[in-house]
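# Close look at the chain arrangement
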Amino acid sequence: MFVDQVKIYVKGGDGGNGAVSFRREKYVPLGGPAGGDGGRGGDVIFVVDEGLRTLVDFRYQKHFKAPRGEHGRNKSQHGAGSEDMFVRVPPGTTVIDDDTKEVIADLVEHGQQAVIAKGGRGGRGNTRFANASNPAPHISENGEPGQERYIMMELKLIADVGLVGYPSVGKSTLLSSVTAAKPKIAEYHFTTLTPNLGVVEVGENSFVMADLPGLIEGAHEGVGLGHQFLRHVERTRLIVHVIDMAGVDGRDPFEDYLQINRELVLYNLKLEDRPQVVVANKMDVPEAQENLARFKEKVPGVAVYEISAATRQGVQELMYAIGDLLATIPDKPAVEEVAEVEERVVFKAEKEPDPFEITRDNEVFVVSGDKIEKLVRMTNLNSYDAAQRFAKIMRSMGVDEALRKHGARDGDTVRIGKLEFDFVE
């Protein structure tokens, strides 16, 4: 089964919790705090495996969660960090954040790695909070939650040559005549439902050729079957445009040529600059010569290779020409640009450059922001000392002041993440 697009959930491992402990050893009357830090959570890392050719495995396993770090222990022993989770993906996999639609990684080379979801750091034990004013703190941190996100994975096959054209122009026949691939060939449209790959041997050289499902007008907008596989054209170094020069289905070869090129450009403007070879197929049919003469008059500057995929007439010469042209094209697949995410600041406190946002949910004041929500998750609110520290940090960030400006009064409910508490002026 060929699968080239899936949606999955990934989550980095949570950090281990810090420990609250004290030394109680004989002959050590003032032992002090001895709680260790928690271990780091594992990352979810995608690694390219050239032995894979499809995303079918991700149809059956859609959740990937790295292990969490160990909790801190007494005697100042830190918890062990967990191992990273490595997920094998085929070359040509593009990873996109499903919420922001931004490209996280574009993986094209064997062994290439990318961190898709980072693990959380371990929480600090009470040893870290000891100071001159509080030499025996009962404060520790929970582990930082691992990054979690839904992602879209799109596979763009990495092939040297991509065959494009209308349905039933002979692309599959051409592929089967020059490679060991056995695509389905029949006398009806949309016989090819998925891309087919084959290796072409040209003398001492070789290249990979991909036969893509036929395109029709409106393919860039989702019409027909070929629109699902237009993404694979982006990776090819050379486009081979196959045209039914005999006009067997009553279509005009010149109009077919213009329409397919229009669909490619509308899908991705960069494809306009991609090298292209025009192939006139079915030249064994009597009407093909007249159509070819008219075609050359309308596109005088375009070189046209005349072949018959069914009889293999001119096919060998075409393969040598493609091999010579590929030698002049850099052997490097096109790669998506990974966007840098800029943090959107809705409200910035005057005292500290820590952005947060305050909204209303009926009578509840909702404070949201990456740092303040992370602080809530990492604070052990069952500890009085930790709760006091949390309140102090909120004041230093300007949250109290901002709530007053938004109309919060004594006794109003405030929500930060999953925590709800009463506001005290």
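For the structure, check the block above.
Values in this document were obtained by computation on a predicted structure and should not be read as measured data. (Residues numbered from 1 in each chain as written. Predicted model: local features only at pLDDT ≥ 70, side-chain atom pairs only at ≥ 80, totals over all residues. Heavy atoms only, no water.)

This part takes up the sheet that holds strand β18 (residues 419-422). With mixed pairing, the 4 strands of this open sheet are ordered in space as β15-β16-β17-β18. Looking at which strands have only one partner, the edges of the open sheet turn out to be β15 (357-361) and β18. Strand after strand, the sheet turns through a mean of 25 degrees between neighbouring axes, direction not considered. Across 5 bridges, the pairing between β15 and strand β16 (residues 364-368) is antiparallel. (Pairing = 2+ DSSP bridges. Helix = DSSP H or I, 4+ residues; strand = E, 2+ residues; numbered from the N terminus. Axes fitted to C-alpha atoms, helices over the stretch in contact; angles between N-to-C directions.)

The sheet built from 6 strands is open, its strands ordered β10-β11-β9-β12-β13-β14 with mixed pairing. Taken across any chain shown, the strands that pair with only one partner, and hence form the sheet edges, are β10 (196-202) and β14 (304-306). Mean inter-strand twist for the sheet, computed between neighbouring axes without regard to direction, equals 30 degrees. Where β10 lies against strand β11 (residues 205-211), 7 bridges are found, and the strand directions are antiparallel. Within the sheet, the bridge partner assigned to Val 202 lies in β11 and is Asn 205. Across the face of the sheet, helix α2 (residues 253-267) comes into contact with β9 (161-164), β12 (238-244) and β13 (276-281) while running at roughly 150 degrees to β12. Taken strand by strand, helix α3 (residues 287-298) contacts β12, β13 and β14, and its axis lies near 170 degrees from that of β14. (Contact = heavy atoms within 4.5 Å.)

Moving on: the environment of Asp 106. Structurally, Asp 106 can be placed in strand β6 (residues 103-107). Only 2.9 Å separates the side chain of Asp 106 from the side chain of Thr 94, close enough to count as a polar contact. (Polar contact = N/O pair within 3.5 Å; in protein donor to acceptor, adjacent residues only side chain to side chain.)

All quantities given are derived from atomic positions and should not be read as evidence of function.
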